[in-house]
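# Geometric and topological summary
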Amino acid sequence: MEINQQNSRKTNVRYFILAMIFIVTTFNYVDRATLSIAAPIMKNELGFDAITMGLAFSAFGWAYTGMQIPGGWILDRYGARVVYGVGLLFWSIFTFFQGFIGYFSSAFIILFALRFLMGVAESPAFPANSRLTVMWFPTRERGMATAVFQTAQYFALAVFTPLMTWVIHTWSWHYIFFGAGAVGVILALIWLKFIQDPKHHKGVNQAELDYIQAGGGLSNIGDTKTKVKWCHIRTLITNRMILGVYIGQFCLTTITWFFLTWFPTYLVVAKGMTILKAGFVASVPAIAGCAGGMLGGVWSDWLIRRGNSLTVARKTPIITGLLFTSSIVMANYVSSEIFVIAVMSLAFFSKGIGNLGWCVIGDTSPKEIMGISGGIFNLCGNVASIITPLAIGYILARTGSFDGALLYVGIIGFLGAMSYLFIVGDIKRVELTVETDKLDS
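Residues numbered from 1 in each chain as written. Predicted model: local features only at pLDDT ≥ 70, side-chain atom pairs only at ≥ 80, totals over all residues. Heavy atoms only, no water.

This part is about the packing of aromatic side chains. Tallying each qualifying case throughout the model produces 33 aromatic pairs. Ring geometry for Trp173 versus Phe177: centroids 6.0 Å apart, planes at 90 degrees, classification edge-to-face. As far as the burial class goes, Trp173 and Phe177 line up, both buried. Residues Phe258 and Tyr266 carry aromatic rings whose centres are separated by 6.4 Å and whose planes lie at 65 degrees to one another, so their mutual orientation is edge-to-face. Exposure class is identical for Phe258 and Tyr266. Each is buried. The positively charged end of Lys10 is found above the aromatic ring belonging to Tyr211, 4.6 Å away from the centroid. Note that Lys193 overlies the ring of Phe194, its terminal NZ or CZ placed 5.7 Å from the centroid. (Phe/Tyr/Trp six-rings, centres within 6.5 Å; stacked < 30°, edge-to-face > 60°. Buried < 20%, exposed > 50% of the residue type's maximum accessible area, 1.4 Å probe, protein only. Lys NZ or Arg CZ within 6 Å of the ring centre and 35° of its normal.)

Spelled out as structure tokens, the structure:
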């Protein structure tokens, strides 16, 4: 009788999966942030001006954005375990080799190429995160699960920005690329060994599978392979709700890429901080973003448990967060370092609260094409990874000031809130129908 009770007790393998997603996503963002941390020193040592640095920052975005739809298709075809694991291995190798660019005369070309290849390798990462959380978590836990992996980006900046600036100060900028790349290679091997879909994982029992499925989790989405057709993509890009979510994600991602690219330079150039001080100060908004990200996910799940609709539970934190990201403009009107960091922390805290776009796309995507739907969503969001560093670089080159850059970021945040408020409407899953397939035949 004791054995039967043990067998019927639900396992909690999904939390191990979530922990692995969090760790890998943390180093996803550490690898992205290495260049922004090294930039104030690199630009002087290698002779890069603001526009050249903006181009280097944007190289990742060109590839990452352009590969979202192909990456989503590959994800639907081969699954998250293999695609994510192999991608992690290669983007870590490309990060490692960026440590050598100072030894070549054509440093910019090599840097641009390696950042571009990083973008290719990382392209399936967030669609894979979304796919795994939809497979492993019921609807009422998905806000929290999404918040955890989204919070990894703030955790990465909060913990590793001071560490990387200390490494630069103690040794040189080369070593942050070497260290981040080496850790990523080790994580890739661990991922490939221990991560599986729910129905294939040796540690999960039937009770946990039943719990996931009964609560709206899609643990079987990898069982059948749907041939992606143009009509499926047309269904997504012509759906008003989905289009509103896409616009909102572009606006939310804009503030992410300000902090991932130009923020350390802002602290050094506009506020006169040393690179070491800037590294520690830059961690404060990231800690605030981490807290905001967890609050947004918990708030959303709490609203569902209180009986609110999925629409209210997802849109309330997102709209609130996006509106308050516009507070970043206030940094133009304060001179005290303490007030500047307070303003930046409020903006990043608010961005964290609103950072539930991946949860929404998991709630709304057709289950047959979860990967490609996430790919299109991430493509639209990460157009900001191209536009933001280039736009800020251009504004700096023309005005010599960050005031216009912060105004740009604030306006974009406000527009994101308006998209969720007036365009998205009710949040519900889009279904692929037989009639849709017939239109393409």
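What follows covers the environment of Thr25. Looking at the element boundaries, Thr25 is found in helix α2 (residues 13-46). Thr25 sits 63 residues away from Leu88 along the chain, and the two C-alpha atoms are 9.7 Å apart. Once residues lying within four places of it in the same chain are set aside, the contact partners of Thr25 are Tyr84, Phe126, Asn129, Phe149 and Ala152. Side-chain polar atoms of Thr25 contact the backbone oxygen of Ile21, separated by 2.7 Å. (Helix = DSSP H or I, 4+ residues; strand = E, 2+ residues; numbered from the N terminus. Contact = heavy atoms within 4.5 Å. Polar contact = N/O pair within 3.5 Å; in protein donor to acceptor, adjacent residues only side chain to side chain.)

Structurally, Lys271 can be placed in the loop between α12 (240-269) and α13 (275-305). Spatially, the C-alpha atoms of Lys271 and Val340 are 9.2 Å apart, while their sequence positions differ by 69 residues. If we skip the residues at most four places from it in the chain, Lys271 touches Tyr266, Val334, Glu337 and Val340.

Those residues of helix α10 (residues 206-214) not exposed but buried are Glu208, Leu209 and Ile212. In an axial view of α10, the angular spread of the buried residues amounts to 100 degrees, which keeps them on one side of the axis. Packed against the buried residues of α10 are α2 and α7 (125-136). The first or second residue beyond α10 is Gly216, which carries a positive phi of 100 degrees. (Arc of directions from axis to C-beta.)

Attention now goes to helix α16 (residues 357-364). Note on helix geometry: an α-helix contains 3.6 residues per turn, so any two residues three or four positions apart are oriented the same way. Burial within α16 is extensive, with 8 of its 8 residues counted as buried. Buried residues of α16: Gly357, Trp358, Cys359, Val360, Ile361, Gly362, Asp363 and Thr364, and no others. On the buried face of α16, the contacting elements are α7, α8 (139-170), α12, α14 (310-325), α17 (370-399) and α18 (403-424).

Glancing now at the confidence of the model for the protein chain. Chain-level statistics for the protein chain give a pLDDT mean of 85 and a share of 93% at 70 or above. Taken element by element, the protein chain is modelled with least confidence in helix α1 (residues 2-8), mean pLDDT 45, and with most confidence in α14, mean pLDDT 95. In the model, residues 1-6 has pLDDT below 50 throughout and makes 0 contacts with residues more than four positions away in sequence or in other chains. (pLDDT = per-residue confidence, 0-100.)

In this section: the nonpolar core. Met42, Trp136, Phe258, Tyr266, Leu267, Ile328 and Met344 are the most contacted members of the largest nonpolar core, which has 127 residues in total. Broken down by element, this core gets its largest block of residues, 17 residues, from α2. Excluding anything up to four places from it in sequence, Met344 contacts Phe258, Phe259, Phe263, Tyr266, Pro285, Ile328, Ala331 and Leu406. (Core = buried A, V, L, I, M, F, W, Y, C linked by side-chain atoms within 4.5 Å.)

What follows is about the state of the cysteines. Covalent bonding between the sulfur atoms of two cysteines defines a disulfide. Evaluated as defined, the whole model comprises 0 disulfides. The closest cysteine sulfur to the non-disulfide-bonded Cys290 is located on Cys359, 17 Å from its own sulfur. Unpaired in this structure, Cys380 has its nearest cysteine sulfur neighbour in Cys251, at a distance of 11 Å. (Disulfide = S-S within 2.5 Å.)

Time to look at a nonpolar patch on the surface. A contiguous nonpolar patch, built from Leu323, Phe324, Met330, Leu346, Leu407, Ile411, Phe414 and Leu415 and spanning about 700 Å² of accessible area, is present on the exposed surface. If you list the elements that add at least two residues to the nonpolar patch, you get α14 and α18. With 4 residues, α18 is the single largest residue contributor to the nonpolar patch. Position of Phe414 relative to the elements: it lies in helix α18. For Phe414, a relative accessible area of 40% translates into the label partly exposed. (Patch = residues over 30% accessible without salt bridge, like charges linked within 9 Å, V, L, I, M, F, W, Y side chains within 5 Å. Areas by Shrake-Rupley, 256 points an atom, 1.4 Å probe, with all protein chains shown as cover. Salt bridge = Lys/Arg side-chain N within 4 Å of Asp/Glu carboxyl O.)

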